[in-house]
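# Structural features, examined
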Amino acid sequence: MTGSGFKSKESYESGFFGTAVKLHPGYTAGVITSFYLSNNQDHPGNHDEVDIEFLGTTPDKPYTLQTNVYIRGSGDGNIIGREQKFHLWFDPTEDFHDYAMLWTPDEIMLVFF
């Protein structure tokens, strides 16, 4: 298993967060490529999280992008959140594409371009 991450020195209550991703072509079943925001280190067991996840696939099927928004994500059955899956209208393995989250005090917008 490999991965990477970083933690900011300051907390953010809102902002624009983005990344450019080019996914691996071919057999990737069982692999999840993700970009997420979480305050788990500051609030373990009661954290908030926003995810953009690419679910692994097989060569004959396209990638699925899944978004998740959770509050109080303790895993105790009282999670408040939403998951949604998208079938992309482009091939994310052909080039880098931008994926971003705009988090304001009133809403969260996920942007793919």
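Just above sits the structure.
These notes cover the structure that comes with them.

## Focus on the sheet that holds strand 7 (residues 108–112)
Read from one edge to the other, the open sheet built from three strands follows the order 1-6-7, with strand pairing classed as antiparallel. Here the strands that pair on one side only, and so sit at the sheet edges, are strand 1 (15–21) and strand 7. Direction aside, the axes of adjacent strands within the sheet are offset by 10° on average. In the sheet, strand 6 (residues 97–103) pairs with strand 7 via five bridges, with the strands oriented antiparallel. Within strand 7, the position partnered with Y99 by the bridge is F112.

## Description of the nonpolar core
Judged by nonpolar contacts, the single largest core of 15 residues is most densely connected at I52, F54, L65, Y99 and M101. Secondary structure elements with two or more residues in this core: strand 1, strand 2 (32–38), strand 3 (49–55) and strand 6. Ranked by residue count, the leading element in this core is strand 3, at three residues. Residues in contact with L65, not counting those within four places in the same chain, are I52, E53, F54, Q84, K85, F86, L88, Y99 and F112.

Conventions used here
- Residues numbered from 1 in each chain as written.
- Predicted model: local features only at pLDDT ≥ 70, side-chain atom pairs only at ≥ 80, totals over all residues.
- Heavy atoms only, no water.
- Pairing = 2+ DSSP bridges.
- Helix = DSSP H or I, 4+ residues; strand = E, 2+ residues; numbered from the N terminus.
- Axes fitted to C-alpha atoms, helices over the stretch in contact; angles between N-to-C directions.
- Core = buried A, V, L, I, M, F, W, Y, C linked by side-chain atoms within 4.5 Å.
- Buried < 20%, exposed > 50% of the residue type's maximum accessible area, 1.4 Å probe, protein only.
- Contact = heavy atoms within 4.5 Å.

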